[in-house]
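# A look at the structure
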Amino acid sequence: MKSDDLKIAVIGLGYVGLPLAIEFGKNREVVGFDINESRIDELNKGEDSTLECSSEELQEAKYISFTSNLEDIASCNCFIITVPTPIKDNNLPDLNPLRKASETVGQILKINDLVIYESTVYPGATEEFCVPILERCSGLKFNKDFFCGYSPERINPGDKNHKLVNIVKVTSGSTEKISNLVDDLYKGIITAGTHKADSIKVAEAAKIIENTQRDLNIALINELAVIFNQLDIDTEAVLKAAGTKWNFLPFRPGLVGGHCIGVDPYYLTHKAQSIGYDPKVILAGRRLNDSMGKYVVDKLIKAMEDKDIEINSSKVLVMGLTFKENCPDLRNSKVADIIEELLSLEVRVDVHDPWVNKSEAERSFGLVPKTDLINGAYDAVLLTVAHEEYKNMQPDEIKALLKKEGILYDLKSIFPKSSSDLRL
């Protein structure tokens, strides 16, 4: 079989699946499948609530169709699974979306079909967890009747510079021939080129350490920020000075959430623990990053107490709810930790974010985002996300929202140090 012979179905049409389906759909037939019927309805109207793809990009994909009906993808012979892989409350992998997607595909799997996984998983998950489900549901034998590939997603939500097509794609397959087939398939849409990994496990491991490395780098900078704050040294000034050396990595302190960096390391540590190894550095970084919400609030409360602001009758505005700037994605946003801490201290909290859907924000945070903000209403304002809308504001515009002794806490160092009371 050649890559041109593949009739593609993309399973899961979120931040990862939709851009992938669109790129394939520009030049060949592809069916986008999602169990969320409202998602299918909006895509059929040419709309994308994730804002990853514009109406124009949807129109460019002339050969794409969208469905929530399993029968509509039964004739396909290549199934690309792009469902999320979150964690549970105890930080263990939640493989339910992957299991359900594998069961769905297994129901319609045929002789010589190809199943490619893009979801981020621990090394071995494709062959140890997904393949047995496909075999059980289809009655077919792996690497005899059907085959698998793995090509980890590298989508960066909200990033309009690093798009799917200009990020090198790691590919792999369950046999040498399948590895070549999967690589050829992605070469057809990835202008940046591909990297064919030695095995599926290697490709899985490569993806998981990308985000683990980034998580640890941010954890280091967060710890440095805690130390420098106690030494009364401005962290941003230190990082700018250190950044003048060519090989200094330009990480900044902050909240680490989202569906990748704040989640994926737990998949790797889970696998490590299952084979009897206790990962120390990775989990230490995770604990530190997960503690930053409480650290931010503790620092704010001390500053408020120093100004004799009554905590349990105070009012605080949180500006920014998403897990990162310039995207509407609320998944695993660590701003929630800040809000939860404030509410536990009986602080009255208002929230604002120009990017989020109000009903989704209310479900995630239990608060309705404000549209109109009142000057002089707040004891503190926390700038938690560096949306362009906030960066384009003047510091005085935000300070006008504060009471006379109010505190501006600029977590992202959007403004000069002299313009804010607190920074990370």
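The following paragraphs examine the structure supplied in this document. Computed from a predicted structure; not experimentally measured. (Residues numbered from 1 in each chain as written. Predicted model: local features only at pLDDT ≥ 70, side-chain atom pairs only at ≥ 80, totals over all residues. Heavy atoms only, no water.)

### Digging into the nonpolar core
Core analysis: the biggest nonpolar cluster contains 37 residues, and Ile 73, Phe 79, Ile 81, Val 115 and Tyr 117 have the highest contact counts within it. Discounting residues that sit within four places of it in the chain, Ile 81 has contacts with Ile 11, Leu 98, Ala 101, Ser 102, Val 105, Val 115, Ile 116, Tyr 117, Glu 118 and Ser 119. The next biggest cluster of nonpolar side chains, apart from the first, holds 35 residues, and it includes Ile 339, Val 356, Leu 382 and Leu 422. (Core = buried A, V, L, I, M, F, W, Y, C linked by side-chain atoms within 4.5 Å. Buried < 20%, exposed > 50% of the residue type's maximum accessible area, 1.4 Å probe, protein only. Contact = heavy atoms within 4.5 Å.)

### Quick word on the side chain of Thr 269
Considering the arrangement of structural elements, one finds Thr 269 in helix 9 (residues 264-274). Judged by its relative accessible area of 3%, Thr 269 is buried. Those residues in contact with Thr 269 that sit more than four places away from it in its chain are Pro 279, Ile 282 and Leu 283. (Helix = DSSP H or I, 4+ residues; strand = E, 2+ residues; numbered from the N terminus.)

### Considering the layout of surface pockets
The probe, sized like a water molecule, is rolled over the atoms to show the empty space still left. Computed from the structure, the largest pocket encloses a volume of approximately 1500 Å³. Lining the largest pocket are 49 residues, and of these Asn 156, Arg 214, Ile 261, Lys 324 and Glu 325 sit closest to its centre. Mapped onto the lining of the largest pocket, the elements with two or more residues apiece are helix 7 (200-230), helix 8 (235-242) and helix 14 (388-391). Per-element accounting of the lining of the largest pocket gives the leading share, seven residues, to helix 7. Considered class by class, the residues forming the lining of the largest pocket number 20 nonpolar, 16 polar and 13 charged. Each pocket or cavity is described by its volume, and for the second largest pocket that value is around 1100 Å³. For the second largest pocket, the lining is made up of 41 residues, of which Leu 13, Gly 14, Asp 34, Pro 84 and Arg 331 are closest to its centre. Going through the elements one at a time, helix 2 (37-44), helix 4 (96-108) and helix 13 (358-365) are the ones with two or more residues in the lining of the second largest pocket. Considering every element that reaches the lining of the second largest pocket, the biggest residue donor is helix 4, with four residues. (1 Å grid on protein atoms, 1.4 Å probe; cavity = no way out; pocket = protein on both sides within 12 Å on 5 of 7 lines; lining within 4 Å. Points joined across faces, edges and corners; volume = space filled by probe spheres on them. Nonpolar A, V, L, I, M, F, W, Y, C, P; charged D, E, K, R; others polar.)

### Notes on empty space enclosed by the protein
Counting across every chain of the model gives one cavity of 30 Å³ or more. The volume enclosed by the largest cavity comes to roughly 40 Å³. Lining the largest cavity we find Pro 152, Glu 153, Arg 154, Ile 155, Leu 164, Ile 167 and Lys 169. Each residue belonging to the lining of the largest cavity can be placed in one class, and the counts come to four nonpolar, no polar and three charged.

### Observations concerning the pattern of salt bridges
In total, this model carries 26 salt bridges according to the counting rule given. Here Arg 252 ties to Glu 236 by a salt bridge, and the two come within 3.0 Å at their closest N and O atoms. Taken together, the positions of Arg 252 in the loop between helix 8 and helix 9 and Glu 236 in helix 8 put the pair 16 residues apart, joining distant regions of the chain. By relative accessible area, which is 34% here, Arg 252 ends up partly exposed. Each member of the salt-bridge network shares a partner with another, and the members are Asp 215, Arg 286, Asp 290, Lys 334 and Asp 337. (Salt bridge = Lys/Arg side-chain N within 4 Å of Asp/Glu carboxyl O.)

### What about helix 8?
Among the residues making up helix 8, those that are buried are Thr 235, Glu 236 and Leu 239. Each buried residue of helix 8 sits inside an arc of 95° when the element is viewed along its axis, so together they form one side. On its buried face, helix 8 sits against helix 7 and strand 13 (422-423). (Arc of directions from axis to C-beta.)

### Looking at the packing of helix 9 against helix 10 (residues 281-290)
Running from N to C, helix 9 and helix 10 cross one another at 145°; their axes reach a closest spacing of 10 Å. For the crossing formed where helix 9 meets helix 10, the hand is left-handed. Here Pro 265, Tyr 266, Leu 268, Thr 269 and Gln 273 of helix 9 lie close against helix 10, whose contacting residues are Ile 282, Leu 283, Arg 286 and Asp 290. Looking at side-chain class alone, the contact of helix 9 with helix 10 contains five nonpolar, two polar and two charged residues. (Axes fitted to C-alpha atoms, helices over the stretch in contact; angles between N-to-C directions. Left-handed = near helix turned anticlockwise from the far one by under 90°.)

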